[in-house]
Amino acid sequence: MKRALLLLLLAGCRNETKSEPAPPVPTAAPASASVSAPAAPVDKPWFEGAWQGTFDAALYRIEMPTGGVKEWKSDDGKQASGKGQLAVEVSADGTASGVAKGALGELTVSGRFEGDRAALSLAPVTPGGFQGVILAARSGEDLKGPLSASSGDSLQVRRADVTLSRVAK
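In this report, the structure presented in the accompanying data block is examined.

Conventions and cut-offs
Residues numbered from 1 in each chain as written. Predicted model: local features only at pLDDT ≥ 70, side-chain atom pairs only at ≥ 80, totals over all residues. Heavy atoms only, no water. Helix = DSSP H or I, 4+ residues; strand = E, 2+ residues; numbered from the N terminus. Buried < 20%, exposed > 50% of the residue type's maximum accessible area, 1.4 Å probe, protein only. Contact = heavy atoms within 4.5 Å. Salt bridge = Lys/Arg side-chain N within 4 Å of Asp/Glu carboxyl O.

Here's the deal with the overall build of the protein chain
Part 1 of the argument: Scanning the protein chain from terminus to terminus reveals three helices and eight strands.
Part 2 of the argument: Listed N to C, the secondary structure of the protein chain is α-α-β-α-β-β-β-β-β-β-β in terms of helices and strands.
Part 3 of the argument: A burial count over the protein chain gives 25% of its 169 residues as buried.
Part 4 of the argument: Residue pairs at least 24 apart in sequence account for 44% of intrachain contacts in the protein chain once pairs closer than 6 positions are excluded.

And the structure:
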């Protein structure tokens, strides 16, 4: 019986049909599919780059019906009034930094551009100097807005209109 079983197994192995090997599957895509289109250039934000501007600081009188700071009334506006210049560099993420100098002293400029607006802070290089802000909005190719500043003790207040223009390359 063992012998008959062994013969059947051997006969089955001989009659087994051999299958053809499957054709190889290509591992790479056709050459036409591997070429990709060049990436579209990314537009720079409108505000990225160097900006410069000027201002003419003048006395800003704070009127209060009653009370107030007596020094505001006695400020004749002669000190820290006059012309000044700004230079600002703006990165693609909207971060701004630069310098200002003139009637308000030597100042550092920092801030942000978002959308069509810019908010810039002015800080004195030397302690006790003027500090302030510029809140500007896009106007054509320029930025325009008021500069508001005060002395370190806030007893002198100045205001100016600022126009920042892109620096020609």
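Things to note about the pattern of salt bridges
Part 1 of the argument: Under the counting rule described, the total for this entry stands at five salt bridges.
Part 2 of the argument: Between Arg158 and Asp75 there is a salt bridge whose closest N-O contact spans 2.7 Å. Separated by 83 residues along the polypeptide, Arg158 in strand 8 (residues 157-166) and Asp75 in the loop between helix 3 (70-74) and strand 2 (82-90) bring together distant segments of the chain.
Part 3 of the argument: Judged by its relative accessible area of 0%, Arg158 is buried.
Part 4 of the argument: With a shortest N-O distance of 3.6 Å, Arg138 and Asp116 are connected by a salt bridge. Pair noted here: Arg138 is in strand 6 (residues 131-139) and Asp116 is in the loop between strand 4 (107-114) and strand 5 (117-124), with a separation of 22 residues, a long-range link.
Part 5 of the argument: With a relative accessible area of 42%, Asp116 lands in the partly exposed category.

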